[in-house]
Amino acid sequence: MKLTTTGHYSVKALLDLSLLEGFGPASVKAIATRQNIPAPYLEKLLMQMRRSGLVQSVRGYQGGYQLARPPAKISLGQILEAVGETIEPLAGREPDAETASDWVTFCLWQRLHQKLKESLYSISLEDLYYDARSWQASREEDTSFVV
């Protein structure tokens, strides 16, 4: 599995919003500046995540985007799914029914795919947040949060 720019930026944006929980929405421009993401591209990603129920948009002068639910209730798999990322192995490929090694390889990739999918849906945004904070603390860095 390769994490594309789309997936990477989506995770970065929601990690950024996880810092602001309870403090109101953040503008696209503010998130884009903090995370070094092109604002028009970020806007598109946030709209996709809004449609999937991961973020809410707030209109008005103090508007922007905020998480729609607690970080512990948002998984990495949900984020990637919301922006159209796929982890499907061997898309459209069927094993050769006459070759045992082809079936074994096909089954192996299917099992690995299932384990990867389970992992992506078991890792929460909250887990990622605390992992990043622990890493920063171990390096004695300040609390600025750029992923």
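For the structure itself, consult the block above.
Participant: So what exactly am I meant to see when it comes to the overall build of the protein here?
Facilitator: When its secondary structure is counted, the protein shows six helices and two strands. Ordered by position from the N terminus, the helices and strands of the protein form the series α-α-α-β-β-α-α-α. Out of the 147 residues belonging to the protein, those deemed buried represent 34%. Partitioning the contacts of the protein with sequence separation of at least 6, the portion at a separation of at least 24 is 62%. Only carbon and sulfur atoms are counted for the fraction: they give 53% of the accessible area of the protein, which is about 9,200 Å².

Participant: Any chance you could explain the side chain of S75 here in plain terms?
Facilitator: Turning to its location among the elements, S75 is positioned in the loop between β2 (64-67) and α4 (76-82). Not counting the four nearest positions on each side in its chain, S75 is found in contact with L120, Y121, I123 and S124.

Participant: How should the nonpolar core be read in this particular structure?
Facilitator: Considering soluble globular proteins, one finds that nonpolar side chains tend to be buried as a cluster. The biggest cluster of nonpolar side chains holds 29 residues, and the ones touching the most others in it are L14, L17, L42, L46, M49 and I79. At the level of secondary structure, the elements contributing two or more residues to this core comprise α1 (5-19), α2 (28-35), α3 (39-51), β2, α4 and α6 (125-138). Per-element tally for this core: the top contributor is α1, with six residues. When near neighbours in sequence (up to four residues on either side) are disregarded, I79 contacts S10, V11, L14, M49, L54, I74 and L125.

Cut-offs applied
Residues numbered from 1 in each chain as written. Predicted model: local features only at pLDDT ≥ 70, side-chain atom pairs only at ≥ 80, totals over all residues. Heavy atoms only, no water. Helix = DSSP H or I, 4+ residues; strand = E, 2+ residues; numbered from the N terminus. Buried < 20%, exposed > 50% of the residue type's maximum accessible area, 1.4 Å probe, protein only. Contact = heavy atoms within 4.5 Å. Areas by Shrake-Rupley, 256 points an atom, 1.4 Å probe, with all protein chains shown as cover. Core = buried A, V, L, I, M, F, W, Y, C linked by side-chain atoms within 4.5 Å.

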